[in-house]
Amino acid sequence: MAKGKTSTVYFCQSCGYESPKWMGQCPGCREWNTFVEETVEKKSTAKVHERRAAGGPVCLSSIETKEEDRVTTRMQELDRVLGGGIVPGSLVLVGGDPGIGKSTLLLQVCQKLADDGHEVLYISGEESLKQIKLRAERIGQFSDKLRLFCETNLELIGDTIRNNKPEVVIIDSIQTMYNEDVSSAPGSVSQVRESTSVLMQLAKGLGISIFIVGHVTKEGTVAGPRVLEHMVDTVLYFEGDRHASYRILRAVKNRFGSTNEIGVFEMRESGLAEVENPSQFMLNGRPEEASGSIVACSMEGTRPILLEIQALVARSQLAMPRRTAAGMDYNRVNLLLAVLEKRLNLHLSGSDVYVNIAGGIRINEPAIDLGVVLAIVSSSRDQAIDEKVLAFGEVGLSGEVRAVSQAAQRVQEAKKLGFTTVILPEVCREQIGDVKGVRLIGVRSVGDAVRAIS
Ligand code: TYD
Ligand code: MG
């Protein structure tokens, strides 16, 4: 292959920022000492442009689409996060901490797809065939439709894919792959970027769906390249507490579906099992008759999930009381504390306040505000809230309780799990009307809500 013009540039290994000269601090992500010199060749991009232009523009009506385009993985949790199954020709990035279960998840996807008669190719640059076999033995039986290949050279991988024409390919992981045309080491920004662009051309050109595993840095983004996230169609993050058994699959980008959806799995001896009722799972092990605990409801995509919110208010020994928030935004907790102080005259300036969402899940929805407020009040008064009470609603700065979306669905989920009383924004209660078997208490302010639990 003729070599094109090469030049050296400096890439930030943390975010992929490109600069013609070395810099101490990256202007992109503000990290220090992350710039590494890499050589890049100009020719490859030019080639892509030539090829693209060859087709010429077309009008929308001349493009054919098929209805039943998507391939189901027979894992409902994954299908939902993908937006209804795998889209042929799509490039999906699966990121997550090492050891969280990415390889296990994708091997199980391979197993199900192969069982359904799809040709699947699992390419590993991290483990030997024997290691994969050991993992596979824990998971179960595999059909011969699944082929394994241990390789890191992308040119060979490309040839193999072109010869075998599988329907789905797994690349485990992108950080181990290398392209001979690029002189920098595997895992560097230009390697990862170049490898992804090769894979993208394979996926789009042959209509093969490719899943790429990507490791995550300690800051929580896919190692090296933000660039990579722009190139792929879908970005999924696999997260969870390593010490807890559940894992959550979250879409952070999806060209073919919503990014709000989550899939919940449980890591077992025999691999990952789908959790069909996450609410029940999250509420396992709830303490009885404990102050500072209440259940709230958050919508994760189309699904309501019930969670236990815990608060502990304790007299502080420090000049500056301690405040922590696990599972939710720290500033949000401070804001809610200020609302309580101002609107309810609840003096917390001499107390440490700890807020925790049990189970280690992270929630960003403001609908849990009311639950957080009530948990704090309950703990500061040391009065337990009836365990059959659930609360949701957004709290505003004036102490007002504001409407949230899909209130009826949240109430239904509460009812399904045996809750008998739901405290919710008054506006939502008016919309919903009466629900059999559940007492709905509409509140306009945090004051109303606190009176409802007293
Ligand atoms: P793995 O899929 O190798 O993680 P990743 O590819 O994200 O680095 O996950 C490995 C972890 O999962 C390891 O700690 C062992 C555990 N595990 C189980 O608990 N049960 C199983 O059946 C399997 C295959 C793995
Ligand atoms: Mg792995």
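Please read all numbers here as calculations on a predicted model, not as lab measurements.

### Looking at the overall build of the protein
Then, number 1: Of regular secondary structure, the protein possesses 13 helices and 21 strands.
Then, number 2: C-alpha extents for the protein along the principal axes are approximately 80 × 50 × 50 Å.
Then, number 3: Across the 454 residues in the protein, those meeting the buried criterion constitute 40%.
Then, number 4: Considering only contacts within the protein whose residues lie at least 6 apart along the sequence, 66% involve residues at least 24 apart.

### Side note on the confidence of the model for the protein
Detailed reading of the predicted coordinates is not advisable wherever pLDDT falls low.
Then, number 1: The predicted model of the protein has a mean per-residue pLDDT of 88, with 93% of residues at 70 or higher.
Then, number 2: Two summary scores accompany this predicted model of the complex, namely pTM at 0.79 and ipTM at 0.95.

### Section: the pairing of strand β4 (residues 91-96)
Then, number 1: Of all six residues in β4, six are buried; the element is thus mostly enclosed.
Then, number 2: Side chains of β4 alternate between two faces, with Leu91, Leu93 and Gly95 and Val92, Val94 and Gly96 buried alike.
Then, number 3: Bridging between β4 and strand β9 (residues 234-239) involves five bridges; their strand directions are parallel. Residue pairing for β9: leucine 93 is matched across the bridge by valine 235.

### Examining the UniProt feature "binding site: ATP" (unreviewed entry) in the protein
Then, number 1: Within this numbering scheme, the UniProt entry marks Gly96, Asp97, Pro98, Gly99, Ile100, Gly101, Lys102 and Ser103 as carrying the feature "binding site: ATP" (unreviewed entry).
Then, number 2: Within the fold, aspartate 97 resides in the loop between β4 and α3 (102-115).
Then, number 3: Within the element layout of this structure, proline 98 appears in the loop between β4 and α3.

### Thoughts on the packing of helix α5 (residues 154-164) against helix α6 (residues 189-206)
Then, number 1: Relative orientation of the contacting elements α5 and α6 amounts to 10°, with a least axis distance of 11 Å. Here α6 runs roughly parallel to α5, going by the angle between their axes. Residues Leu154, Gly158 and Ile161 of α5 touch α6, and the partners they reach there are Ser195, Val198 and Leu202.
Then, number 2: Split by residue class, the contact of α5 with α6 holds four nonpolar, two polar and no charged.

### Remarks on the site of ligand 1
Then, number 1: Around ligand 1, 14 residues are found, and the nearest of them are Lys102, Ser103, Thr104, Arg138 and Gly271.
Then, number 2: Listing elements by their share of the shell around ligand 1, those giving two or more residues are α3 and α4 (129-139).
Then, number 3: Ranked by residues supplied to the shell around ligand 1, first place goes to α3 with three residues.
Then, number 4: Classifying every residue of the shell around ligand 1 gives three nonpolar, seven polar and four charged.

### Quick word on the packing of helix α9 (residues 330-343) against helix α10 (residues 369-381)
Then, number 1: Running from N to C, α9 and α10 point in directions that differ by 60°, and their axes come no closer than 10 Å. It follows from the interaxial angle that α9 and α10 lie oblique. Handedness of the crossing formed by α9 with α10: right-handed. Side by side, α9 and α10 meet where Val333, Leu336 and Leu340 of the first sit next to Asp369, Val372, Val373 and Ile376 of the second.
Then, number 2: When the residues that make up the contact of α9 with α10 are grouped by side-chain class, the tally is six nonpolar, no polar and one charged.

### Here's the deal with the domain arrangement of the protein
Then, number 1: Segmenting the protein into domains produces domain 1 (1-45), domain 2 (69-276) and domain 3 (281-453).
Then, number 2: Of note, the centres of domain 2 and domain 3, computed from C-alpha atoms alone, are 37 Å apart.
Then, number 3: Taken together, the ten residues of domain 2 in the interface contact seven residues of domain 3.
Then, number 4: Elements represented by at least two residues in the side of domain 2 that touches domain 3 include exactly β10 (246-254) and β11 (262-268).

### Quick notes on the pairing of strand β1 (residues 6-12)
Then, number 1: Bridging between β1 and strand β2 (residues 18-19) involves two bridges; their strand directions are antiparallel. When the bridges of β2 are listed, phenylalanine 11 appears paired with glutamate 18.
Then, number 2: In this structure, the hairpin formed by β1 and β2 is closed by a connection of five residues, where glycine 16 is found at a positive phi of approximately 90°.

Rules used in this analysis
Residues numbered from 1 in each chain as written. Chains lettered and ligands numbered in written order. Predicted model: local features only at pLDDT ≥ 70, side-chain atom pairs only at ≥ 80, totals over all residues. Helix = DSSP H or I, 4+ residues; strand = E, 2+ residues; numbered from the N terminus. Buried ≥ 20, exposed ≤ 12 C-beta atoms within 10 Å, placed from the backbone. Contact = placed C-beta atoms within 7 Å. pLDDT = per-residue confidence, 0-100. Pairing = 2+ DSSP bridges. UniProt positions renumbered as here; feature names shortened; annotations may be inferred. Axes fitted to C-alpha atoms, helices over the stretch in contact; angles between N-to-C directions. Parallel < 35°, antiparallel > 145°, perpendicular 65-115°, else oblique. Nonpolar A, V, L, I, M, F, W, Y, C, P; charged D, E, K, R; others polar. Near = placed C-beta within 6 Å. Left-handed = near helix turned anticlockwise from the far one by under 90°. Domains from an automatic or database assignment.

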